[in-house]
Amino acid sequence: MNGSGTRDAVLGFDLGGTRIKIGLVDREGTVHRFRTVPTDGAKGKEHLLSTLREACHTAGREASAQGFRLLGTGIGTAGFVDGSGRVAYATENLPGWTGTELRRELESATDLPAVALNDVHAMALGELWLGTAASLGLRSFVCVALGTGIGGCIIEDGRIFGGRDGHAGGFGHQIVMREGGIPCGCGMSGCWESYASVNALKRLIDERAPQGFFEAPACGVEDGADVVADGGTPIGEDRGADSTAHMGADRGADDDIRTVAHACVHGDDTRIDVPTGILRGMQASKTADPRVLFDAARAGGRLALEIVDEYAARVAAGLVNLIHTLNAGDFIIGGAIAAQGDFLLARIAERVDRQIMPVYRGSGIRLHAASLGDHAGVAGAAFSLLRQL
Ligand SMILES: [Zn+2]
């Protein structure tokens, strides 16, 4: 709050391959007027810049209408961003984006100060300021975002560790398979993200469970094999839109509505417990959907659990490399997969613990789910500017 009674706010952007998230962030970290617009990266750099300029002008009007004084803009973007706020490299998801003087473009659009940084660096700052790290009092941690690819950020004593050029955190491209590895979007093959990103998980589901996990009325077992829902299995963590990812959250009241249904478990002919609503969702999906995988695994499906365990082992392999490189103890795991909470993280942690050298155990290796969801990047980009002012 300044002397005139208006409140200060920063316009935060989180520019991903599919969506641009936009919000007005005040000094306390409350995100106002949050919205998303399509990135439409294929339309090229000029289209993208005009989308950002338009959002700046709209936000400027909205800010003053709501009694905010706009202090500037912060943007986290997919790709690598150097210390001057220039996009040093972006993949073909954002054609022409490489070389964009992003900070300067925003400054000239608003006549206000701006910062530009990598999107996962922004997410890590958001978690530091308002999210999991803030609630745990963590000042040093490693952030890993499991999404289309894998992004990362090292936070050391409340600051981003950028390395020589600001690009530290490209964990997704550590080579985990030198020969015969899966090709990666970076042009190499055998990168961690080719094995442990959410896209890699979808490929794994396609390979191991091409028919999905549940089919009705029967798939190789006797017709009428009962799936009995008797309330015995905890299923269905809260996966709200805010991706709060409470570890080990209680199941919702809706899951208490149970009945007997007919189906079979692909690759598993045992009787399992499944709430009807979830079963319906499984039947509807014929594509590789990680949410269906996790629902089936929570319900006790043997094949689904095998795939989850394989995925956990793949994630763990990269984390073990990071622990041995950085001697890190706390990891914040973000991306949509963070919503799976402890069901997944405990499996990863168990494998990490088995594989690290004992000397690195120290006071323990802890994996935490990120908690800000869609707001993390927007808040973190705004925070990056706010703490410079
Ligand atoms: Zn790569």
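These figures come from a predicted structure and were not determined experimentally.

## Focus: the environment of Ile175
Line of reasoning, step 1. Examined against the element boundaries, Ile175 turns out to sit in the loop between β10 (159–161) and α5 (193–196).
Line of reasoning, step 2. The exposure class of Ile175 is partly exposed, given the 14 C-beta atoms found within 10 Å.
Line of reasoning, step 3. Along the chain, Ile175 and Glu193 lie 18 residues apart, while their C-alpha atoms are 9.2 Å from each other.
Line of reasoning, step 4. Residues in contact with Ile175, not counting those within four places in the same chain, are Gly190 and Cys191.

## Quick notes on the sheet that holds strand β15 (residues 330–334)
Line of reasoning, step 1. An order of β10-β9-β8-β15-β16 is seen for the five strands of this open sheet, with the pairing classed as mixed. Edge positions in the sheet fall to β10 and β16 (366–369), since each of these pairs with one other strand and no more. Within the sheet, the average angular offset between the axes of one strand and its neighbour, ignoring direction, is 30°.
Line of reasoning, step 2. Bridge count between strand β9 (residues 150–156) and β10: three bridges; the pairing is antiparallel. Directly across from Ile155, in β10, lies its bridge partner Ile160.
Line of reasoning, step 3. Most of the contacts of helix α3 (residues 119–129) go to β9, to which it runs at about 50°, and overall it touches β8 (141–146), β9, β10 and β15.

## Remarks on the environment of Asp295
Line of reasoning, step 1. Looking at the secondary structure, you find Asp295 in helix α8 (residues 290–298).
Line of reasoning, step 2. For the pair Asp295 and Leu305, spaced 10 residues apart in sequence, the C-alpha to C-alpha distance is 10.0 Å.

## Thoughts on the nonpolar core
Line of reasoning, step 1. Within the largest apolar cluster, 103 residues are counted, with the highest numbers of intra-cluster contacts made by Cys143, Leu293, Ile333 and Ala379.
Line of reasoning, step 2. Here this core takes 10 residues from helix α9 (residues 302–326), the largest share from any one element.
Line of reasoning, step 3. Two domains share this core, each providing at least three of its residues, namely domain 1 (7–131 + 375–386) and domain 2 (139–202 + 308–369).
Line of reasoning, step 4. When residues no more than four places from it in sequence are discounted, the contact partners of Ile333 are Val144, Leu146, Ala338, Leu345, Leu367, His368, Ala369 and Ala370.

## A closer look at the confidence of the model for the protein chain
Line of reasoning, step 1. This prediction gives the protein chain a mean pLDDT of 83; 80% of its residues lie at or above 70.
Line of reasoning, step 2. Overall, residues 215–285 carries pLDDT values under 50, and its contacts beyond four positions in sequence, including any with other chains, amount to 136 contacts.

## Side note on the pairing of strand β4 (residues 68–77)
Line of reasoning, step 1. Along β4, nine of the 10 residues are buried, which leaves the element largely enclosed by surrounding structure.
Line of reasoning, step 2. Sheet topology note: the strand β1 (residues 7–15)/β4 ladder contains nine bridges and is parallel. Paired with Gly12 across the strands is Gly74, a residue of β4.
Line of reasoning, step 3. Taken together, the five bridges between β4 and strand β7 (residues 114–118) define a ladder with parallel strand orientation. Considered in β7, the bridge of Gly74 is made with Val115.

## Here's the deal with α8
Line of reasoning, step 1. Most of α8 is tucked away, with eight of its nine residues classed as buried.
Line of reasoning, step 2. If you check which residues of α8 are buried, you get Pro290, Val292, Leu293, Phe294, Asp295, Ala296, Ala297 and Arg298.
Line of reasoning, step 3. Residue Gly300 follows α8 closely and has a positive phi angle near 100°.

## Details of the packing of helix α6 (residues 198–208) against α9
Line of reasoning, step 1. Packing of α6 against α9 leaves a shortest axis separation of 11 Å and a crossing angle of 140°. Taken as a pair, α6 and α9 cross one another with a handedness that is right-handed. In this structure, α6 contributes Leu201, Leu204, Ile205 and Arg208 to the contact, and α9 contributes Leu303, Ile307, Glu310 and Tyr311.
Line of reasoning, step 2. For the contact of α6 with α9, the class distribution of residues is six nonpolar, no polar and two charged.

About the thresholds
- Residues numbered from 1 in each chain as written.
- Predicted model: local features only at pLDDT ≥ 70, side-chain atom pairs only at ≥ 80, totals over all residues.
- Helix = DSSP H or I, 4+ residues; strand = E, 2+ residues; numbered from the N terminus.
- Buried ≥ 20, exposed ≤ 12 C-beta atoms within 10 Å, placed from the backbone.
- Contact = placed C-beta atoms within 7 Å.
- Pairing = 2+ DSSP bridges.
- Axes fitted to C-alpha atoms, helices over the stretch in contact; angles between N-to-C directions.
- Core = buried A, V, L, I, M, F, W, Y, C linked by C-beta atoms within 7 Å.
- Domains from an automatic or database assignment.
- pLDDT = per-residue confidence, 0-100.
- Left-handed = near helix turned anticlockwise from the far one by under 90°.
- Nonpolar A, V, L, I, M, F, W, Y, C, P; charged D, E, K, R; others polar.

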